[in-house]
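For reference, the chains in residue letters:
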Amino acid sequence: MKWFETVTGRKVLFGSLYFSEGAPIGFIWLALPTQLRSAGVPVEQITWLAAILVLPWSFKFAWAPVIDAFQSSNWTHRHWIIAAQSVMGSTLIPLFWLDPVDQFGTLAALLFVHACAAATQDVAIDAMCISMTEPEERAAYNAWMQVGMLLGRASMGGGALVIGQYLSREWVIALLILSTTFSMFLVATVSNAASRRGREPAPREMMPSLKLAITDFRTWLGLIFAFIGGAAFKSLEVIYGPFLVDRGYSESTIGWFSLGPMIGFMVAGALLGGWLTTRYGSKVCVQWFLTSIAATVTLLAGVAYWDQSGQNAWLLVFLAATAVGIGAFTASSYTLFMNLTRPEIAATQFSAMMGATNGCESWSSYVSGRITASHGYPAAMLAMCLISLAALPVIRLLPELERSSVIESD
């Protein structure tokens, strides 16, 4: 058996694949917005770009059935991943010479194509993970996948801001491209049989499963929760760089804070969330972690409102505290969505759940930017917290989802 098909090897493999997802996300959602804001680009224009780039992730379920249906002995999940990463790396090459401020429109177009390829890669990675694992394993795998994602985000998010103080912009872009594409060489070692569970998916198998998924109330509850539950932190992840710039923090300080405390606490939260989810179940843990995020973001908004004098250490404290909840919530909610998914339509159904999550990021970023422009950052943070908390009754309607009861045929 190849090493990447062992339990430990799969953790490394999926962690590496998510690292390659996280690296461009860190650059596009933290480093670039911070740089644009420092260059004087309005907050609403920055959040517009973020909202546009999330759209392919929101609607990836539309082409996910193609990934489920078009597999063979010569084309499997791993081939989709390799093709997607190739496009992702290619669209980043023009960043070597583009001016992100003067050529903002061209930059947006390239990053949109990049986002389409990245969303396609994400569909294939998640489908391959579902096909190669059992329900009771997924909390641990999701924890390690989130660790990979967060380390990728740290390296090219806060890390890009830090190393940009010492290396040229061209070196930063080169590291970004390398981080985005290296894992396709690892996934190339996985056998075709392992990546598709040794069977050919057939449309006649998919259609009954799609019908069952569409008529299952749990699917719709999951979609509703995914679309609104993460509003408090999805919007915060986009605006906290510009927020700290407006409070007088330098790009270097923001970079070190993101590279260290923010990502470090997210990693700790992801590992803690994976462990607690294995022990107590995804339904319970998702509610715990969402409540904790709402509490810390509310405290952050309170400090930002009552002390508007500039830098305040409590802003960083509450951002770091929120990071723990973000990591834990992500690990537990992704496990919940996987356990709602039928393996024979893994790419399609799970992508719909994740598309709703990304849709939450898109609309919450846009709305948060508009509220910030008219009423300030604290008002935007509180509004997003209230919307997130409104999702709790939805998740309580779900039955317990652990073990294999969720994916059995009706």
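Residues numbered from 1 in each chain as written. Predicted model: local features only at pLDDT ≥ 70, side-chain atom pairs only at ≥ 80, totals over all residues. Heavy atoms only, no water.

Chemist: Please clarify how the overall build of the chain should be interpreted in this entry.
Modeler: Helices and strands together make up the secondary structure of the chain, namely 19 helices and 0 strands. The buried share among the 410 residues of the chain stands at 60%. As displayed, the chain offers around 15300 Å² of accessible surface, 68% of which is attributable to carbon and sulfur atoms. (Helix = DSSP H or I, 4+ residues; strand = E, 2+ residues; numbered from the N terminus. Buried < 20%, exposed > 50% of the residue type's maximum accessible area, 1.4 Å probe, protein only. Areas by Shrake-Rupley, 256 points an atom, 1.4 Å probe, with all protein chains shown as cover.)

Chemist: Just to check I follow, could you spell out helix H8 (residues 169-181) for this structure?
Modeler: Each α-helix winds once per 3.6 residues, and so residues spaced three or four apart point in a common direction. For H8, spanning 13 residues, the distance from its first C-alpha to its last is 19 Å, which sits close to the expected 18 Å at 1.5 Å a residue. Those residues of H8 that fall on the buried side of the exposure criterion are Val 172, Ile 173, Leu 176, Ile 177, Ser 179, Thr 180 and Thr 181. (Expected span 1.5 Å × (residues − 1).)

Chemist: What should I look at first to understand the packing of aromatic side chains in this one?
Modeler: The relative placement of two aromatic rings is captured by the distance of their centres and the angle of their planes. With the rule as written, the count across this model stands at 9 aromatic pairs. Here Phe 225 and Phe 329 contribute two aromatic rings whose centre-to-centre distance is 6.1 Å and whose plane-to-plane angle is 45°, an arrangement assigned as tilted. Taken together, the positions of Phe 225 in helix H12 (residues 217-228) and Phe 329 in helix H16 (residues 313-339) put the pair 104 residues apart, joining distant regions of the chain. Per residue, the accessibility class of Phe 225 equals that of Phe 329, and both read buried. An angle of 65° between the planes, with centres 5.0 Å apart, marks the rings of Phe 243 and Tyr 377 as edge-to-face. (Phe/Tyr/Trp six-rings, centres within 6.5 Å; stacked < 30°, edge-to-face > 60°.)

Chemist: Can you walk me through the environment of Ile 239 in this structure?
Modeler: Note that Ile 239 resides in helix H13 (residues 231-246). Taking the C-alpha atoms as reference, Ile 239 lies 9.3 Å from Thr 372; in sequence the two are 133 residues apart. In this structure, Ile 239 is in contact with Thr 47, Ser 368 and Tyr 377, ignoring residues within four places of it in sequence. (Contact = heavy atoms within 4.5 Å.)

Chemist: Explanation requested: the pattern of salt bridges in the structure shown.
Modeler: A pair can form between side chains of opposite charge whenever their charged atoms are brought close. Applying the stated criterion across every chain yields a total of 2 salt bridges. Of the charged contacts, one joins Arg 153 and Glu 237 as a salt bridge, the two residues approaching to 3.2 Å between their closest N and O atoms. Taken together, the positions of Arg 153 in helix H6 (residues 138-156) and Glu 237 in helix H13 put the pair 84 residues apart, joining distant regions of the chain. The residues Arg 153 and Glu 237 share a single accessibility class, namely buried. (Salt bridge = Lys/Arg side-chain N within 4 Å of Asp/Glu carboxyl O.)

Chemist: Would you mind going over the nonpolar core with me for this structure?
Modeler: Grouped burial of nonpolar side chains is what soluble globular proteins tend to show. By size, the foremost hydrophobic cluster in this structure holds 115 residues, and its most contacted members are Phe 27, Phe 225 and Phe 337. The dominant element in this core, judged by the number of residues it contributes, is helix H5 (residues 104-132), at 15 residues. Residues within four places of Phe 337 in sequence aside, it is in contact with Gly 222, Phe 225, Ala 226, Phe 350, Met 353, Met 354 and Thr 357. (Core = buried A, V, L, I, M, F, W, Y, C linked by side-chain atoms within 4.5 Å.)

These figures come from the coordinates and say nothing about function on their own.
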